[in-house]
Amino acid sequence: MFFYNLAIKAYIFLIYLVSPFHSKAKKTISGRRNFFKLHPPTQGGEPYIWFHCASLGEFEQGRPLIEMIKKNHPSKKILLTFFSPSGFEIRKNYEYANEVVYLPFDSKRNAKKFLETFYIEMAVFVKYDLWPYYLQALQDKRIPTYLVSATFRKDQPWFKWYGGFLKKILQNLNSIYVQDKNSLQIAEDAGFKNVMISGDMRIDRVLEIKNNQSDAKDLDQLQPNQ
């Protein structure tokens with residue numbers, strides 16, 4: 001984790017450095033400013049099912065699952081987090097989410113405070129935006145955690161010698177749902193026992209949009225992963 005900590009601190013420093021000159025970086029900083037002051041700890045009430053997406057493309061992959069949950073269990077509360085402004089700005093008023101917020105930067109302290117702020121009963125990460133401290137905090141609290149619409153490649157950090165800590169965390173997730181047989185094979189070769197194929201949920205979403213003219217405007221917002 002030592003090198004990961006250095007990398008994440010360097011990344012945050014660079015975002016702050018360029019934020020005066022880059023609108024996306026500026027929103028990345030401003031959207032997280034005073035996060036825990038603006039979101040006091042939850043006091044009782046219904047727990048959340050938490051969905052985390054990097055950006056808009058990942059949201060569209062997780063969207064069918066969110067809407068299926070709300071259709072079958074309308075009383076369930078959905079917490080939706082984004083890392084990127086391009087996802088948050090477009091979906092901050094998403095009708096099926098009870099809360100839509102930026103995810104605070106990954107750190108042991110932030111992960112602990114986040115899980116004190118929101119009462120989480122289940123967590124779902126979409127595709128690849130994986131943050132070790134958040135995943136570890138969820139596992140420490142024994143909160144069921146899933147990765148959906150994932151794609152694996154042999155060159156990803158968790159399959160390299162230096163990514164052993166993250167590989168262990170992923171192997172301890174309740175389930176990982178991958179998009180294709182190649183991803184399944186890579187995971188199984190690496191010793192994963194919690195992986196299965198579910199396909200690409202975004203394809204289902206595109207077909208749904210195509211058959212629903214009232215949603216046609218969403219096609220303009222469907223864009224490659226950021």
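Before any of the text, the structure's been laid out above.
Note that the structure is predicted; figures quoted are calculated from it, not measured.

### Let's talk about the packing of aromatic side chains
Part 1: Tallied over the entire structure, the rule returns 21 aromatic pairs.
Part 2: When the ring of Phe152 is compared with that of Phe192, the centres are 6.1 Å apart and the planes differ by 45 degrees; the resulting orientation is tilted. A residue pair is termed long-range when its members are at least 10 positions apart, and Phe152 in the loop between strand S5 (145-150) and helix H8 (164-171) and Phe192 in the loop between helix H9 (181-189) and strand S7 (195-197) qualify at 40 residues. Comparing Phe152 with Phe192 shows no difference in burial state: the two are buried.
Part 3: In this arrangement the basic side chain of Arg32 is found over the ring face of Phe83, its NZ or CZ atom lying 4.7 Å from the centre.

### Brief notes about the sheet that holds S5
Sheet strands line up and pair through hydrogen bonds in the backbone, either parallel or antiparallel.
Part 1: The sheet built from 7 strands is open, its strands ordered S3-S2-S1-S4-S5-S6-S7 with parallel pairing. Of all the strands in the sheet, just strand S3 (99-102) and S7 have a single pairing partner and so form its edges. On average, each strand axis in the sheet is inclined to that of its neighbour by 20 degrees, with strand direction left out of account.
Part 2: Both strand S4 (residues 120-126) and S5 contribute to a ladder of 4 bridges, which runs parallel. By the bridge assignment, Val124 is partnered in S5 with Tyr146.
Part 3: Where helix H7 (residues 132-140) meets the sheet, it contacts strand S1 (48-53), S4 and S5, and its direction lies at approximately 145 degrees from that of S4.

Rules used throughout
Residues numbered from 1 in each chain as written. Predicted model: local features only at pLDDT ≥ 70, side-chain atom pairs only at ≥ 80, totals over all residues. Heavy atoms only, no water. Phe/Tyr/Trp six-rings, centres within 6.5 Å; stacked < 30°, edge-to-face > 60°. Helix = DSSP H or I, 4+ residues; strand = E, 2+ residues; numbered from the N terminus. Buried < 20%, exposed > 50% of the residue type's maximum accessible area, 1.4 Å probe, protein only. Lys NZ or Arg CZ within 6 Å of the ring centre and 35° of its normal. Pairing = 2+ DSSP bridges. Axes fitted to C-alpha atoms, helices over the stretch in contact; angles between N-to-C directions. Contact = heavy atoms within 4.5 Å.

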